[in-house]
Amino acid sequence: MQGYNKGFLYFICAVSAMGGLLFGYDWVVIGGAKPFYELYFSISDSPLLQGVAMTTALIGCLAGAMVAGAAADKYGRKPLLMVSAVLFTISAIGTGLFNDFTLFNIARFVGGVGIGVASALAPMYIAEVSPTEIRGRMVSLNQMTIVLGILGAQIVNMLLARDTSVAESQAWNVEWGWRWMFWAETLPAALFLVMSFFIPESPVYLKMRGEWKEVRGKRIPDETDCQQNISLTSHLSLLTSKKYQKVLVLGIVIAVFQQWCGTNVIFNYAQEIFVGAGFDVDGMFINIVITGIANVIFTIVALYTIEKWGRRTLILLGAGGLGLIYLILGTCYFFEVKGFVMVALVVAAISTYAMTLAPVTWTLLAEIFPNRVRGIAMATCTFALWVGCCTLTFSFPSMNAALGSSGSFWIYSAICICAFAFLWRRCPETKGKSLEDLERELVK
């Protein structure tokens with residue numbers, strides 16, 4: 001590997017990972033705004049319209065993820081990151097500005113497209129500019145910024161939501177509070193846009209275009225796993241050919257399982273989860289922040305363990321650990337346990353997820369695919385991930401109503417156990433291996 005500027009490498013990875021920060025904020029902020037905008041738009045008694053508001057951004061995620069791979073291979077990684085920054089900015093302003101429910105959802109859709117693009121491009125860009133020995137840690141930086149964005153949204157929501165027991169405060173929440181929750185995203189979105197002008201294009205993309213001189217002029221790693229001249233024709237037909245079928249199935253399963261493991265319903269339906277555990281609305285906001293802090297702490301732990309323990313160990317630990325925690329959590333809901341025990345179990349689930357499945361998923365997806373199909377493969381798996389997120393979000397209210405919280409978490413436990421069995425057989429260890437070595441190992 002040629003010499004490279006470590007400070008510059010950390011800078012460009014941090015800028016790219018800002019897409020993750022906005023992804024996390026935009027994804028979670030709606031949970032805190034939910035009780036108030038529902039009253040403002042008079043949809044509190046309409047489960048259908050409530051579901052529309054909660055899932056519009058997720059549909060945008062699907063659209064963004066669908067186009068991200070092909071667009072990144074055609075136009076480059078850097079321009080797509082800049083586009084996502086613009087979309088985040090427009091969405092943040094528009095969501096809080098509009099008084100019409102339809103326009104509100106259009107703004108949420110625009111933000112969702114930004115999430116879809118950023119979630120596919122940021123980890124891929126970081127993997128392509130990082131040296132082998134720290135690649136896992138650098139890609140995990142993207143997950144670190146996601147959880148910081150989540151925590152930021154949770155803290156902003158708590159600080160802006162005034163005392164719900166006071167009529168005047170409740171009226172402010174309904175009229176203005178939820179708007180400022182969305183507007184607070186504007187500053188980091190604009191900063192991301194400005195900083196994205198100062199990052200270089202990915203060396204993999206430049207070599208795909210045959211621009212060798214530009215690659216040599218960059219202050220970033222130039223490893224052998226980028227040395228081949230890669231064709232730009234990374235079409236879906238190539239990805240789905242027999243040669244890549246096994247690795248594609250593995251990627252899709254990993255992506256969908258990260259959502260179907262069930263942890264994200266705690267973020268999206270925190271009100272239902274904590275109210276069902278015996279807490280009022282104010283207690284709900286406090287507990288949400290507690291879970292957010294645990295999320296950040298154990299993501300920091302993951303930055304160190306992902307290179308020491310390896311990707312395979314962590315993903316198996318996550319699947320098995322969550323399967324056990326959800327089994328206990330479902331049993332506690334069944335016997336109507338309330339209070340601290342429930343919070344402790346929820347925190348344990350989020351901590352396990354933050355240390356394992358959350359960062360390892362993005363790292364593995366960025367590593368297991370060959371250079372020539374990585375763009376379209378990341379987009380395909382990210383699309384599958386957001387399909388998993390949509391189905392999880394849609395299914396939880398109905399499943400929770402039909403089976404109760406106990407039945408819901410027992411189902412998530414069963415999913416985790418089944419995923420553990422699959423990953424035990426199929427998931428490789430990628431720690432310490434160059435992208436070129438992984439291609440030779442996984443694609444035969």
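We now turn to the structure provided with this report. (Residues numbered from 1 in each chain as written. Predicted model: local features only at pLDDT ≥ 70, side-chain atom pairs only at ≥ 80, totals over all residues. Heavy atoms only, no water.)

Residues Leu324, Leu327, Ile328, Phe334, Phe335 and Trp410 make up a contiguous nonpolar surface patch of about 620 Å² in total accessible area. Residue contributions to the nonpolar patch peak at four residues, all from helix α15 (residues 311-334). Using a relative accessible area of 59% as the deciding quantity, one classes Phe335 as exposed. (Patch = residues over 30% accessible without salt bridge, like charges linked within 9 Å, V, L, I, M, F, W, Y side chains within 5 Å. Areas by Shrake-Rupley, 256 points an atom, 1.4 Å probe, with all protein chains shown as cover. Salt bridge = Lys/Arg side-chain N within 4 Å of Asp/Glu carboxyl O. Helix = DSSP H or I, 4+ residues; strand = E, 2+ residues; numbered from the N terminus. Buried < 20%, exposed > 50% of the residue type's maximum accessible area, 1.4 Å probe, protein only.)

So, about the packing of aromatic side chains. Evaluation of the coordinates by the stated rule reveals 21 aromatic pairs. When the centroid spacing of 5.9 Å and the interplanar angle of 75 degrees are considered together, the rings of Phe104 and Trp178 count as edge-to-face. One end of the pair, Phe104, is in helix α4 (residues 101-129); the other, Trp178, is in helix α6 (residues 167-183), and 74 residues separate them in sequence. The residues Phe104 and Trp178 share a single accessibility class, namely buried. Ring plane angle 5 degrees and centroid distance 5.8 Å describe the contact between Tyr333 and Phe409, whose orientation is recorded as stacked. Here Tyr333, found in helix α15, pairs with Phe409, found in helix α18 (residues 374-426); they are 76 residues apart in sequence, far enough to count as distant. (Phe/Tyr/Trp six-rings, centres within 6.5 Å; stacked < 30°, edge-to-face > 60°.)

Attention shifts here to helix α2 (residues 47-75). Here α2 is 29 residues long and its end C-alpha atoms lie 41 Å apart, about the 42 Å a rise of 1.5 Å per residue gives. The axis of α2 is deflected most strongly, by about 40 degrees, at Thr55. At the exit of α2 stands Gly76, carrying a positive phi of roughly 110 degrees. (Expected span 1.5 Å × (residues − 1). Bend = angle between axes of the 7 residues up to and from the residue.)

On to the environment of Val83, then. Positionally, Val83 belongs in helix α3 (residues 77-97). Along the backbone, Val83 and Leu193 are 110 residues apart, and their C-alpha atoms lie at a distance of 8.3 Å.

It is worth spelling out the state of the cysteines at this point. A complete count under the given rule lists zero disulfides for this structure. Of the cysteine sulfurs around Cys61, a residue in no disulfide, the closest is that of Cys389, at 6.9 Å. Here Cys61 falls in the buried class, since its relative accessible area comes to 1%. (Disulfide = S-S within 2.5 Å.)

Attention now goes to the side chain of Thr363. Of note, Thr363 is situated in helix α17 (residues 357-367). With relative accessibility at 0%, the residue Thr363 sits in the buried group. Within the local environment of Thr363, its side chain forms a polar contact with the backbone oxygen of Pro359, the two atoms lying 3.0 Å apart. In this structure Thr363 touches Gly136, Val139, Ser140, Ile306 and Arg311, once residues within four positions along its chain are discounted. (Polar contact = N/O pair within 3.5 Å; in protein donor to acceptor, adjacent residues only side chain to side chain. Contact = heavy atoms within 4.5 Å.)

Taken as a whole, this structure holds five salt bridges when the rule is applied. Of the charged contacts in the structure, one is a salt bridge between Glu128 and Arg77, with a shortest N-O distance of 2.8 Å. In this pair, Glu128 sits in helix α4 while Arg77 sits in helix α3, placing the two residues 51 residues apart along the sequence. Between Glu307 and Arg311 there is a salt bridge; the shortest N-O distance is 3.1 Å. Just as Glu307 is buried, Arg311 falls in that class too. Among the charged side chains, a network of salt bridges with common partners joins Glu307, Arg311 and Glu367.

Relative to the 22 Å expected for 16 residues at 1.5 Å per residue, helix α16 (residues 340-355) spans 22 Å between its end C-alpha atoms, a close match to the ideal helical length. Counting buried positions over the 16 residues of α16 gives twelve, a clear majority of the element. If you check which residues of α16 are buried, you get Met342, Val343, Leu345, Val346, Val347, Ala349, Ile350, Ser351, Thr352, Tyr353, Ala354 and Met355.

Next up on the list: the nonpolar core. Ranked by internal contacts, the top residues of the largest apolar core, which has 113 residues, are Trp27, Tyr37, Leu121, Ile315 and Trp386. Residue contributions to this core peak at 17 residues, all from helix α1 (residues 6-40). Counting six residues, the second-largest nonpolar core is a separate cluster that includes Met144, Val147, Leu151 and Val296. (Core = buried A, V, L, I, M, F, W, Y, C linked by side-chain atoms within 4.5 Å.)

Let us now look at the environment of Phe182. Summarising the element assignment, Phe182 is placed in helix α6. Among the residues examined, Phe182 registers a relative accessible area of 1% and is labelled buried. Spatially, the C-alpha atom of Phe182 lies 9.1 Å from that of Leu97, the residues being 85 residues apart in sequence. Once you skip the residues sitting within four places of it in the chain, Phe182 turns out to touch Val29, Ile30, Ala33, Ala92, Thr95, Gly96, Phe104 and Arg108.

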